[in-house]
Amino acid sequence: MATKHIIVDDLSVEYLGATKKIYALQHVSLDINRGESIALVGESGCGKSTLGVSFINLLPLNSRITSGTIKFISNSKEIDIFKTPTSELQKLRWSKIVMMAQGALNAFNPVMRIRDHFIDTAYSHGWKNKTEILNKARYLLKRVHLDSERVLSSFPHELSGGMRQRVLLSLGLLLNPEVVILDEPTTALDILTQRNIIELLKELKKEFNFTLIFITHDLSLAAELADRVAVMYAGKAVEVGDVYDIFATPYHPYTAGLITSTPKLRGESTEVTSIPGSPPNLSEIFKGCPFYERCPLRSNVCINSQPKLTAVEEKDGHLVACHHASKNTLEHIKQGDWLSTIQ
Amino acid sequence: MLKKILSNYFFIRLVKALVTIFVVATFTFFLIRLMPGNPLDIFIATQLAQGVPLQEAQERAASLFHIDLSRPMMLQYLDYLKNLARGDFGVSIISTNTPVSKIILRFLPWTLFVVTVSLFISFIGGILLGVVMALYRNSWIDQILSFLASIISSIPNYVIAMLIVVYFGVKLKWFNIAEIRGSLSPGVKPEFSLYFLKDAFYHAMLPIIVYVLTTIGSWMLVMKSSTISTLGEDYVEVAKARGIKESRIMTSYVARNAILPLFVSLAISIGFVVGGSPLIESIFVYQGIGLKLSDAITTRDYPVMQAIFLIITASVVVANFLADLLLGVLDPRIRTSRN
Amino acid sequence: MKNILISLKDSLKIMMRNKVGFIGFLGTIFFLLLAFVGPYLMPLNMKADLNSIYTGPTIGHPLGTDYQGRDILMQILHGGREVIYVALMAALLTILIAATFGALAAVAGGLIDTVLNGLAEIIITIPHFPLLLVLASLIKFKSPTGLAVILAAIGWGGLMRSIRAQVLSLKERDYVEAARVLGLPISHIIFREILPNMLSYISVQFILSMTSAIYAQVGLIFLGVVPMEQHNWGVMITLAWNQGALFNSRAQWYLLVPITIIVLLQLSLITMTRSMEELFNPRLRRGG
């Protein structure tokens, strides 16, 4: 039986813009199990990155948490992330929970050698033995297939994008974290490098046995790496479940749309389809279902009543937030001509 | 490999500095020698008018300007360069028999002292205030500082100097305007003592205040915008996620990167401050090279004028070179990319 | 005609959006009027009146009198034309030289680019004011235009390099590429595509060139290398300084007036650049 590692309960976050508020996360609840690998999937602006930084309470200054908690369970102690003082949070960050935000290419201080990034990180967490730190760094760099000596004495700009991503991964593992969160770990990289990074992640996960949360817009990446998938839309989790269940029998029309619009390179047809319309404006609170505007299954119920995330009947641990959820959603979608063809 | 690139960047900077000095030296030679109504001709003409025979007038001119007029122009030019390289700038017309190099040695250090101290204070002060403005941006403290910075940097420095003398000196009598003149009080000799240092700073105080006031504003504004953009960099965000302490992030990650663009303006600022010294030193009657330049110009002491101009330019070139070197040391990227 | 009026009104509206900038704009207009209309308001009478030396502000002399009892207001009204004329001319010539060299270097490339760029680098490095002093003592500046020419001749370096860089980057942009593919003549590319995009930058630089020309001009007058026959604000400052502002507290008023004028003029020009940025920046313009 899986034990819980992180519990997100009823989390709402808003951003205060110059003229209006943006409700980035709206009552999101999600359990993350120890040792699992979970993908947070959604289009840009769906709140997945906001959720990512919430795990370590590193939200931008213009944001506000309006409801909910995140609890992190470590050594059978429950830590309430939002109630932890900054000094404690600083200790927790990177030593227990590693969060690698988007933009690994610029993740390193351009005037510091890679060596000093390792040392700086270790020192900040009270580990002062330089030889030990560098030995661990060398091991980790070798582990991600890099020439450790050369990399350690390099400046960031002397490394390629793929190399920097690897260095960041090994820097992430320096303090043996329990949880690793990756936000779009492969975006700025070319396809070949992406492949290598994915393979590497699998290996590392096996060896270091951390809980992996990764944030992506790319369902195929989720299929490859995740045990479970949480699909997010307009600041809400709309469907959560085992990766096989999500792909085989999506209940939510949005999930089904995402799956069918993922290009299948191996299939006989190479056409790419997409969900018509665009994500809703997040500066207002929805009365009904946020997906209403774009949904092929919508009915009058959806206008005024917001669907709650509830377990489906057929399968344990598969949750969906849709008034018209059913195991036949994918069939419906495929039959209709709802999706617009790009090519 | 890396060493090679490194020396490459520094080597290119060095060549540029030397070429600049060479071009300026050449330019002044031909300006003095070839311009219609050039000082050499005028000098000879005045000597002739005073009844000195042509040959003697030419000899006097030759010894003053260190140019042998009987030789072809190209050779004269080479002689001039040779003399320059030996630090021989000829003799002053006004204070006869005083070698120009002696005048330079006596007055240049004071100007360099004042300029260096001022730039140091305004650079450091501008960085600190700029960071404060960036951290508390849009607060009242930022708005007041931004307002003051933009106002004070648009007022000409000599105007500030005059106002200081008239208001604080004559009107409020905070200092004695006659006593504070010069670079040292009568009887005080340069030596390693607190007494000497105190006196030197007392006399240098006013020019330093003016230079600091007129340059600090732009440092503040540049540092503010540079810090704001650095705060938004990914590596600062990642450093926070790495659990690095706030103070360490502010110094080694934010400030350390945000100062880099300031070194580009440093070169311009050095030129501007040194260039303004004839005005500021005249107003305060500070015995530096700038005052000597304006004296030489009013008295038409061409050898002195030419030499001081060259030496001022050379100092600025050297200062720029040093700023470039420092930037090269501080920013690893520049050593490989900017040449 | 109507169109021009409408666009003028629009321009004013855009300039008013930045309050500080708009005040600077009004200040600049004021000083232009002061300099060019002022001389017609009051005849210049530089005859000494020994009975009214350093009166300070009175009804007869609202801004007081100088060391020879001459009215200061009158001198202010007459003393701006030359200062502002030199500043405008110097700025205009600076822009012309910088734009020509910058565009030439960017378009021609190769040896021309290297030489012009190197020249610019050298001219930037040489401290300008000492260079001006040396030049002024060798070449007698006889006319204000001559002074403006010299100011422009040593002031184009920085601007030329930015224009060169901008032209280089603009050259690569899509719309310029498109114009070239469409076979539009090079003049069209320069005047319709490249120049409008640089207008904001150039207009701001124009103003900044004016401020440095004013700085240098007054400085040169102060050190006595420019003949003081003509009457202007710089001469007033110099005379006030040399005629006893230090020792006679009544004389300080005489110094303070032209100094205030110069400071306010510089402030107006510099703050005006904020509005100019908005006015000429097509992106900001559309945004409203």
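Everything quoted here is computed from the prediction, not taken from an experiment.

Participant: Sorry, what's going on with the overall build of chain A here?
Facilitator: Within chain A, the regular secondary structure consists of twelve helices and 14 strands. Over its C-alpha atoms, taken along the principal directions, chain A stretches across nearly 65 × 50 × 45 Å. Buried positions account for 54% of the 343 residues belonging to chain A. Look at the contacts in chain A between residues 6 or more apart in sequence, and 68% of them connect residues 24 or more apart.

Participant: Teacher, can you tell me more about the sheet that holds strand β5 (residues 77–80) of chain A here?
Facilitator: Within a sheet, neighbouring strands are paired by backbone hydrogen bonds and run either parallel or antiparallel to one another. Residues and elements named next belong to chain A. In space, the four strands of this open sheet follow the order β2-β1-β4-β5, with antiparallel pairing throughout. Two strands in the sheet have a free side with no partner beyond their single neighbour: β2 (21–33) and β5. Going from strand to strand, the sheet's axes swing by 10 degrees on average, the running direction of each strand aside. Relative to strand β4 (residues 63–74), strand β1 (residues 4–16) is paired through eight bridges, and the arrangement is antiparallel. Following the sheet pairing, Tyr 15 is matched in β4 by Ser 63.

Participant: What is the right way to read unusual backbone geometry from this model?
Facilitator: The bulk of non-glycine residues show a negative phi, and the bulk of peptide bonds are trans. Residues and elements named next belong to chain A. Look at His 27: it is not a glycine, yet its phi comes out positive at around 50 degrees. With respect to the helices and strands, His 27 occurs in strand β2. Assessed through its relative accessible area of 51%, His 27 is described here as exposed. In the Ramachandran plot, Trp 94 falls in the positive-phi region, its phi being about 75 degrees despite a non-glycine side chain. The class of Trp 94 is buried, set by a relative accessible area of 0%.

Participant: I keep staring at the domain arrangement of chain A and nothing clicks. Help me out?
Facilitator: Accessible area lost on assembly of the parts is the figure often given for the size of an interface. Residues and elements named next belong to chain A. Each domain of chain A was delimited in the assignment, giving domain 1 (4–226) and domain 2 (238–341). Each of domain 1 and domain 2 has a C-alpha centre, and the two are 28 Å apart. Taken as a group, Tyr 23, Glu 43 and Leu 219 account for 44% of the area that domain 1 buries against domain 2, more than any other trio of residues on that side. Counting across the domain 1 and domain 2 interface gives one salt bridge. Here Glu 43 ties to Arg 294 by a salt bridge, and the two come within 3.2 Å at their closest N and O atoms. In this assembly, domain 1 and domain 2 are joined by three residue pairs in polar contact (both at pLDDT 80 or more). Looking at the side of domain 1 that touches domain 2, the elements with two or more residues in it are β2 and α8 (219–225). Top contributing element to the side of domain 1 that touches domain 2 by residue count: β2, with six residues.

Participant: Honestly, the interface of chain A and chain B in this entry has me stumped. Any pointers?
Facilitator: Facing 25 residues of chain A, the contacting portion of chain B comprises 23 residues. Where chain A abuts chain B, roughly 2100 Å² becomes buried across the two surfaces, and 56% of that area is made up of carbon and sulfur atoms. Of all residues in chain A, the largest losses of buried area upon contact with chain B belong to Gln90(A), Pro110(A) and Val111(A), amounting jointly to 24% of the total for that side. On the surface where chain A and chain B come into contact, there are one salt bridge. A salt bridge links Arg248(B) to Asp120(A); the nearest nitrogen and oxygen atoms lie 2.5 Å apart. Our enumeration of links across chain A and chain B arrives at eight residue pairs in polar contact (both at pLDDT 80 or more). Within the residue set of the side of chain A that touches chain B, elements represented by two or more residues are α3 (114–124) and α6 (161–172) of chain A. The dominant element in the side of chain A that touches chain B, judged by the number of residues it contributes, is α3(A), at four residues. Of the residues contributing to the side of chain A that touches chain B, the split by class is twelve nonpolar, ten polar and three charged.

Participant: Would you take a moment to explain the environment of Pro62(C) for this structure?
Facilitator: All names here are of chain C. Turning to its location among the elements, Pro 62 is positioned in the loop between α3 (38–41) and α4 (72–78). Among the residues examined, Pro 62 registers a relative accessible area of 41% and is labelled partly exposed. When the C-alpha atoms of Pro 62 and Leu 73 are compared, they prove to be 6.8 Å apart, with eleven residues separating the residues in sequence. Beyond its immediate sequence surroundings of up to four residues, Pro 62 is in contact with Pro 57, Asp 71 and Leu 73.

Criteria and cut-off values
- Residues numbered from 1 in each chain as written.
- Chains lettered and ligands numbered in written order.
- Predicted model: local features only at pLDDT ≥ 70, side-chain atom pairs only at ≥ 80, totals over all residues.
- Heavy atoms only, no water.
- Helix = DSSP H or I, 4+ residues; strand = E, 2+ residues; numbered from the N terminus.
- Buried < 20%, exposed > 50% of the residue type's maximum accessible area, 1.4 Å probe, protein only.
- Contact = heavy atoms within 4.5 Å.
- Pairing = 2+ DSSP bridges.
- Axes fitted to C-alpha atoms, helices over the stretch in contact; angles between N-to-C directions.
- Domains from an automatic or database assignment.
- Buried area = accessible area lost by both parts, 1.4 Å probe.
- Salt bridge = Lys/Arg side-chain N within 4 Å of Asp/Glu carboxyl O.
- Polar contact = N/O pair within 3.5 Å; in protein donor to acceptor, adjacent residues only side chain to side chain.
- Nonpolar A, V, L, I, M, F, W, Y, C, P; charged D, E, K, R; others polar.

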